[in-house]
Amino acid sequence: YKKWRSDIFERDNWTCQTCGKRGCYITVHHIKSLRNILKDNNITKKEELLNCKGLWNIDNGVTLCEECHKLTDNYKGKAIKNKK
């Protein structure tokens, strides 16, 4: 996870890819949610998780500031909560 996160930060030049902010608290957002990746790949064990290439593909991550991250569809399980 740390390498995946670091690679995305470097690729995105430590800049929020939505608003362009730099020098603030940034995070990496999973474009396809972690929950969906686990479900789609039928992952139930830690070693399956570690070996799942889709989970660690940097194309499935984007650097966002916290404010922009909160606006995403799957921020902290928002999509799951909205389905209820």
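Residues numbered from 1 in each chain as written. Predicted model: local features only at pLDDT ≥ 70, side-chain atom pairs only at ≥ 80, totals over all residues. Heavy atoms only, no water.

A. Main features of the overall build of the chain. Scanning the chain from N- to C-terminus turns up five helices and two strands. With the C-alpha coordinates aligned to their principal axes, the bounding extent of the chain is approximately 35 × 35 × 15 Å. Expressed as a percentage of the 84 residues in the chain, the buried residues total 33%. For the chain, contacts bridging at least 24 residues in sequence account for 66% of all contacts bridging at least 6. Placing the 18 positive and 10 negative side-chain charges of the chain at their respective mean positions leaves the two points 6 Å apart. (Helix = DSSP H or I, 4+ residues; strand = E, 2+ residues; numbered from the N terminus. Buried < 20%, exposed > 50% of the residue type's maximum accessible area, 1.4 Å probe, protein only. Contact = heavy atoms within 4.5 Å. Lys, Arg positive; Asp, Glu negative; His and termini not counted. Charge placed at Lys NZ, Arg CZ, Asp CG, Glu CD.)

B. Examining the pattern of salt bridges more closely. Applying the stated criterion to the full structure yields four salt bridges. Residue Lys-21 pairs with Glu-67 through a salt bridge whose shortest N-O separation is 3.6 Å. Pair noted here: Lys-21 is in the loop between α1 (2–11) and β1 (26–30) and Glu-67 is in helix α4 (residues 66–70), with a separation of 46 residues, a long-range link. Its relative accessible area of 37% is what places Lys-21 among the partly exposed residues. Between Lys-32 and Asp-40 there is a salt bridge, with its nearest N and O atoms 2.6 Å apart. (Salt bridge = Lys/Arg side-chain N within 4 Å of Asp/Glu carboxyl O.)

Any link to function would need more than the numbers given here.
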